[in-house]
Amino acid sequence: MMMELSAYRDIFIEELNEQLERIDQSLLTLEHAPAPELVQTIFRAAHTIKGSASTMGFREMSDLTHEVEYALEWVREKKPEITAKLIDTLFRALDAMKLLRTQYISGGDYADCSAVVAEIKALINQPAEPQPVRLPVLSPAEMLLAEEAVAAGYSLLSLAVTLKEECLMKAARYYMLLQRMEDVCGKVIAVALPAAAAAGADEDSRYSRFAVVAAAGKEIQQISEQLAGDSDVQGIVITPFVPGPSSVIGAAAAVEPLLAGPPSSPNKEQRGNSAQPTVRVSVERLDHLMNLVGELLIEQTSLADLSAAGQRNDPAKVLPGIGGVSDHMGAIIKELQEGVMKTRMLPMDQLFNRFPRLVRDLAHKLGKEIELVIQGGETELDRMIIEELSDPLIHLIRNSTDHGIESPEVRAERGKSPKGTITLTSFHEENQVVIRLEDDGQGIDAGKIKASALSKGIITEEQAGFLTAQEAIHLIFEPGFSTAAEVSEVSGRGVGMDIVRSQIGRLNGIIDIETVPGQGTVFIIRLPLTLAIIKGLLVNVSGRVLILPMYNVAEIVRISPEDIQIVQGEQAIINHGRIVPLSWLRDKLHYPRTERSSKTIPLVIVRSVDRIAAFAVDEIIGNQEVVIKSLGAYLGTMNHLSGATILGNGRVALILDASYLVSH
């Protein structure tokens, strides 16, 4: 039976993703504009998930969606007010479903969702069984917070606390202990109390035990010593926080582990396991591909007939016919190539629809009013690029919500609407996709950026003197950079924006910043439509043919040796009034030098993300479309190469990684 069900696993996952996305979007809309049809939509989605999960033997998901379905049925019948508590509870249930989905895909143990179930039952006034305290499912904002803490060198700890029965004013002691933990550990990420007070018990007793996940820069023993000594505390159990479900955290606290582990950055293998294994393709596109294949078969028959005629008669007589067939086959193959590329394409909505929830959670955590406007979601992009683009956009959105959009009070003082706006737009421009992330916040002050970079040692006084305002603004992408006066729950640790640059670079993209202090900031990302087939610039370096992706080529120029200048001890040229570092590509790649007969030097000016550099080559050959082939792991780490291709003459040409060349 299991073998039979496994054949439907991919279909189940695809449907599950669709229904979870539908619930997410409907809950966001319901929060701002309550409507019976939205409740019905969420109910239908939960019912569909319950049925398909039950069929697949996925009992954990089936049981949870049954409770969600029951709660929604209560909402439909009783028609209560759509409160923030109701929405938050449904969002927590949705997060638990997403966690179960991830664990189902990865094949790991399933989290215990009884705390979420208890919360749902308490919401609709059902008596719930007493449950051990569990930390809630981490929201997207808490996940980002935990990820940043780990990246910044902090350790994640779980602290299980039990107060003495005779402790008076347990709620007050609870808040005092939270503040104490914040001071000792560094940052409290998530807190959990029992779902509800026991029947007949005083509400204050609910605070008699609780669990905390904190990011700490100290050893467990040191933290334990600093927190010990409170006369109202019966016991504190501190353990390292390990991703995934585990055993109860200490009998003294009767606390069970987190429902969600810390969101570590997945490696490529993990990312591949969680990615959708299928892509939906419209029937029209498949029919078009089939018609093109049919035309190719006809041309193949014509070519075979001409070949036979050439063997029987004078071969010279069939050459014009072969030329015509070749031209027609070339046109069909080009159209077939474009058609196959389109089957890899997905609308940007697949990515953009994840962000309204993220903005909602971040706005609530920061105490701000923010509206996310999405435009151009129908723009299509290669599915592999869409998957890799998620993290950079999350970091940019977080930056806009925290550093860009001001608080309602500050915005009111500046004559702005209390509600800030973030606009996410995508559109095609030539053979690229452009993504614009714009906010109407406080903008970026180049002077403050430069001063902060100087104080942190990211740049020297001499380098600061050469920086233009635009170049100073791009310092926000440097590792360890931050202008935050204090570390917030969202950003300020100097981790994040450097990730944006590195990941956009890996996608052969370019990022620009436009900002006006006091008015807002725009991040502009330009990406190739696909990474499978590119237009490349062929250059000759020491007798070898190398390829640079054309979307990284800003300009091709010729200079004389006298145009080369020395800036800070390094070679550079002046290009359109900007100092551009210059390197000889042969030296960069450790190739032998060859004799030059030309008096001028051909240069390729390359852009990657926000950086630019000029590379001297021996000869510019021209450009052509090439299919990128992987080099394979057996060659080891070769960061300067992104792949290889086979040229028309049968020779292999290496494709250079512009991002690596420009940054090293």
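Residues numbered from 1 in each chain as written. Predicted model: local features only at pLDDT ≥ 70, side-chain atom pairs only at ≥ 80, totals over all residues. Heavy atoms only, no water.

Tallying secondary structure elements over the protein chain gives 22 helices and 22 strands in all. Taken over 664 residues, the protein chain has a buried fraction of 46%. In the form shown here, the protein chain has an accessible surface area of approximately 32500 Å², with 52% of it arising from carbon and sulfur atoms. (Helix = DSSP H or I, 4+ residues; strand = E, 2+ residues; numbered from the N terminus. Buried < 20%, exposed > 50% of the residue type's maximum accessible area, 1.4 Å probe, protein only. Areas by Shrake-Rupley, 256 points an atom, 1.4 Å probe, with all protein chains shown as cover.)

Of all eight residues making up strand β18 (residues 601-608), eight are buried, and the element is well covered by its neighbours. Two elements, strand β14 (residues 553-559) and β18, share six bridges in a ladder whose sense is antiparallel. Within the sheet, the bridge partner assigned to Ile559 lies in β18 and is Ile601. Pairing between β18 and strand β19 (residues 611-616): six bridges, direction antiparallel. Each bridged residue has a counterpart across the sheet, and for Val606 the counterpart in β19 is Ala613. Here β18 folds back onto β19, and the loop between the two strands holds two residues, one of which, Val609, carries a positive phi near 55 degrees. (Pairing = 2+ DSSP bridges.)

Bringing the sheet that holds strand β15 (residues 565-567) into the picture now. If you trace the six strands from one edge of the open sheet to the other, you get β14-β18-β19-β17-β16-β15, paired in mixed fashion. Edge strands, defined here as strands with exactly one partner in the open sheet, are β14 and β15. Across the sheet, the axes of successive neighbouring strands diverge by a mean angle of 40 degrees, strand direction being ignored. Both strand β17 (residues 578-584) and β19 contribute to a ladder of three bridges, which runs parallel. Bridged to Trp584 within β19 is Ala616. (Axes fitted to C-alpha atoms, helices over the stretch in contact; angles between N-to-C directions.)

Before going further, it helps to examine the nonpolar core. Grouped burial of nonpolar side chains is what soluble globular proteins tend to show. Judged by nonpolar contacts, the single largest core of 49 residues is most densely connected at Phe355, Leu389, Leu393, Leu396, Ile435, Ile476 and Phe523. With seven residues, helix α15 (residues 383-404) is the single largest residue contributor to this core. The residues touching Ile476, leaving out its near neighbours within four places in the chain, are Ile444, Ile449, Phe481, Met497, Ile513 and Phe523. In this structure, Ile13, Leu20, Phe58 and Cys113 belong to the second largest nonpolar core, which totals 41 residues. (Core = buried A, V, L, I, M, F, W, Y, C linked by side-chain atoms within 4.5 Å. Contact = heavy atoms within 4.5 Å.)

Here we take up empty space enclosed by the protein. Evaluation of the coordinates by the stated rule reveals one cavity of 30 Å³ or more. Put simply, the largest cavity is a space of about 40 Å³. Lining the largest cavity are Ile23, Leu27, Ile42, Val68, Leu90, Leu94 and Met97. Contributing elements (two or more residues each) for the lining of the largest cavity: α2 (9-32) and α5 (84-106). Looking at which element gives the most residues to the lining of the largest cavity, the answer is α5, with three residues. (1 Å grid on protein atoms, 1.4 Å probe; cavity = no way out; pocket = protein on both sides within 12 Å on 5 of 7 lines; lining within 4 Å. Points joined across faces, edges and corners; volume = space filled by probe spheres on them.)

With that out of the way, let us pick up the pattern of salt bridges. Within the structure shown, the criterion is met by 27 salt bridges. The partner of Glu429 in a salt bridge is Arg526, with the nearest N and O atoms 2.5 Å apart. Note that Glu429 is positioned in strand β8 (residues 419-429) and Arg526 in strand β11 (residues 520-528), a separation of 97 residues in sequence. With relative accessibility at 33%, the residue Glu429 sits in the partly exposed group. With a relative accessible area of 23%, Arg526 lands in the partly exposed category. Arg611 is the salt-bridge partner of Glu478, the closest N and O atoms lying 3.5 Å from each other. Of this pair, Glu478 sits in the loop between α19 (469-473) and α20 (497-506) while Arg611 sits in strand β19, and the two are 133 residues apart along the sequence. Linked by salt bridges that have partners in common, Glu31, Asp88, Asp95, Arg357, Arg360 and Asp361 make up one network. (Salt bridge = Lys/Arg side-chain N within 4 Å of Asp/Glu carboxyl O.)

Once that is clear, we can look at the environment of Thr89. In this fold, Thr89 is placed in helix α5. Residues Thr89 and Leu123, spaced 34 residues apart in sequence, show a C-alpha to C-alpha distance of 8.2 Å. Not counting residues up to four positions away in its chain, the partners in contact with Thr89 are Glu119, Ile120 and Leu123.

Let's shift gears to the packing of aromatic side chains. Counted by the stated rule, this structure contains eight aromatic pairs. Seen in terms of ring centroids, Phe12 and Tyr104 are 5.4 Å apart; in terms of plane orientation they differ by 80 degrees. Their pairing is edge-to-face. Here the residue Phe12 occupies a position in helix α2, and Tyr104 occupies one in helix α5, the gap between them amounting to 92 residues. What makes Phe12 buried here is its relative accessible area of 4%. Pairing Tyr175 with Tyr207 gives two aromatic rings, centres 6.2 Å apart and planes at 45 degrees, and the pair type is tilted. Of the two residues, Tyr175 is situated in helix α8 (residues 170-185) and Tyr207 in the loop between β2 (186-192) and β3 (209-216); the sequence distance between them amounts to 32 residues. Across the ring face of Phe43, the terminal group of Arg76 is positioned such that the distance to the ring centre comes to 3.9 Å. (Phe/Tyr/Trp six-rings, centres within 6.5 Å; stacked < 30°, edge-to-face > 60°. Lys NZ or Arg CZ within 6 Å of the ring centre and 35° of its normal.)

Turning our attention to the packing of α15 against α20. The contact between α15 and α20 brings their axes to 9 Å, and the two run at 150 degrees. On the basis of the axis angle, α15 is roughly antiparallel to α20. As α15 runs across α20, the sense of the crossing is left-handed. From α15, Glu388, Leu389, Asp391, Pro392, His395, Leu396 and Asn399 reach across to α20, where they touch Met497, Ile499, Val500, Gln503, Ile504 and Arg506. (Parallel < 35°, antiparallel > 145°, perpendicular 65-115°, else oblique. Left-handed = near helix turned anticlockwise from the far one by under 90°.)

The predicted model of the protein chain averages 80 in pLDDT, with 87% of residues at 70 or higher. Scored below 50 in pLDDT, residues 127-131 shows five contacts in the model against residues more than four places distant or in partner chains. Residue range residues 243-276 is modelled with pLDDT below 50. Its contacts to residues more than four positions away, or to other chains, number 77 contacts. (pLDDT = per-residue confidence, 0-100.)

Relative to the helices and strands, Leu306 resides in helix α11 (residues 283-312). The sequence separation of Leu306 and Ile322 amounts to 16 residues, and the corresponding C-alpha distance is 6.8 Å. With residues near it in sequence (within four places) discarded, Leu306 still touches Val318, Gly321, Ile322 and Val325.

The backbone of Asn508 sits at a positive phi, close to 60 degrees, despite the residue not being glycine. Mapping Asn508 onto the fold places it in the loop between α20 and β10 (510-516). Residues other than glycine seldom take positive phi values, yet Gln568 does so here, at roughly 55 degrees.

To continue, consider the packing of helix α14 (residues 355-366) against α15. Following both chains from N to C, one finds α14 and α15 inclined at 30 degrees, their axes separated by 10 Å at the closest point. For the crossing formed where α14 meets α15, the hand is right-handed. Side by side, α14 and α15 meet where Phe355, Leu358, Val359, Leu362 and Leu366 of the first sit next to Ser390, Leu393, Ile394, Ile397, Arg398, Thr401 and Asp402 of the second. When its residues are assigned to classes, the contact of α14 with α15 shows eight nonpolar, two polar and two charged. (Nonpolar A, V, L, I, M, F, W, Y, C, P; charged D, E, K, R; others polar.)

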